[in-house]
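# Secondary and tertiary structure notes
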Amino acid sequence: QPLIRSLCEEYSIDQLETVTVCGNTTMLHLFCGVDPTPIGVAPFTPAFTNMQMYRGEEIGIPANKIFVLPSASGYIGSDVICGIIAQELDGGGICLLADLGTNGELALFDGKQLLCASTAAGPALEGANIECGIGGVPGAICAVAYKNETLIVHTIDNQSPIGICGSGLVDLIALLLEIGMIEESGRFNDHCDHPLARQRFCKDRFVLVENVWLSQKDIRQFQLAKAAVSAGILTLCDCAGIKTTDVEKLYVSGGLGCYIQQQSALRVGLIPQEFSNKIYAVGNSGLTGAVTCLSSEGREEAKKTAQAVKICELSEKSEFMERFMEGMIFT
């Protein structure tokens, strides 16, 4: 509410006509003041998935109408529905959308139908549970490279580094795998003789810059996240009865959607190798879709899209767990 009011004041707007709200199903319940507890316990049934409409005064927002956009299930929220709309995922061709944040939501159009799945990737890809992790804010290290015997870091808005976000974490682990600093098991290699290891590895920490480091625990957290995402992608393709090589484009959105480097994502095993040269970082696709839904036509499309989704329950697939265990290894 304060952010919206501040934005209205900045542009001298007294009253908004229409507001659209998208997010994961739990956040939508919280926004509407509805208890989300049932989503977290079997049979994981949300209180609502259909579109909700409120008057501004009911929510405390200066708007005539507020539309809380529809979800498909307890774990496929309207942010995924908006992402599908933004990328025109069902417009032809076999395409996959991976919304990688606290959870890994996946949407696949196999040429005929929309299939969605959610995989518990954990918050590592958004910098949480990482000792020096941070979200995608100014000063977050978002890219790491090693050129001309020099370690190079880039931060969001070129600010002084204050932590590392998901895309920087992917880059850093990819680099340390390349130089032999991290073994395929995920353990630090104490005997690595690379100059970077000699200069920056001390007491089970690789120091990236002053006050920002990577620990052994951080690598374990990342392994859990990347294994869940890669196993989810492979299993969802199985659910659709297609091969991974059949997928023409893989759109990456969410916490990694702005800064992820394709080669790093492939190197660490976050994205299966079959998607090489098919990866497109599309930023905040949920927000883009929510803008489309400001029109009545867009909201109608959101309704139809949510109703058309077929849910693939990864937890019921034995091959998902097998792939998850395989995905823990860095090949």
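This write-up is about the structure you can find in this document. (Residues numbered from 1 in each chain as written. Predicted model: local features only at pLDDT ≥ 70, side-chain atom pairs only at ≥ 80, totals over all residues. Heavy atoms only, no water.)

## Some words on the sheet that holds strand S1 (residues 16-21)
- The three strands lie next to each other as S1-S3-S2, forming an open sheet whose pairing is mixed. A strand with exactly one partner marks an edge of an open sheet, and here the two such strands are S1 and strand S2 (52-55). Pairs of neighbouring strands in the sheet enclose a mean axial angle of 15°, with direction left out of account.
- When S1 meets strand S3 (residues 63-68), the two strands line up parallel, connected through five bridges. Each residue of the ladder has a partner; that of Thr-18, found in S3, is Lys-65. (Pairing = 2+ DSSP bridges. Helix = DSSP H or I, 4+ residues; strand = E, 2+ residues; numbered from the N terminus. Axes fitted to C-alpha atoms, helices over the stretch in contact; angles between N-to-C directions.)

## Focus on the side chain of Asp-218
- In this structure, Asp-218 sits in helix H7 (residues 216-240).
- Buried charge without a partner: Asp-218 forms no salt bridge, and the closest opposite charge is Lys-217, 4.1 Å away.
- In this structure, Asp-218 is in contact with Asn-129, Ile-130, Glu-131 and Trp-213, ignoring residues within four places of it in sequence. (Buried < 20%, exposed > 50% of the residue type's maximum accessible area, 1.4 Å probe, protein only. Lys, Arg positive; Asp, Glu negative; His and termini not counted. Salt bridge = Lys/Arg side-chain N within 4 Å of Asp/Glu carboxyl O. Contact = heavy atoms within 4.5 Å.)

## Here's the deal with the pattern of salt bridges
- A full pass over the atoms with the stated rule returns five salt bridges.
- It is possible to trace a salt-bridge network through shared partners that takes in Arg-55, Glu-57 and Glu-58.

## Regarding helix H9 (residues 285-292)
- Buried residues of H9: Ser-285, Gly-286, Gly-289 and Ala-290, and no others. Buried residues in H9, looked at end-on, bunch into an arc of 140°, giving them a common side. (Arc of directions from axis to C-beta.)

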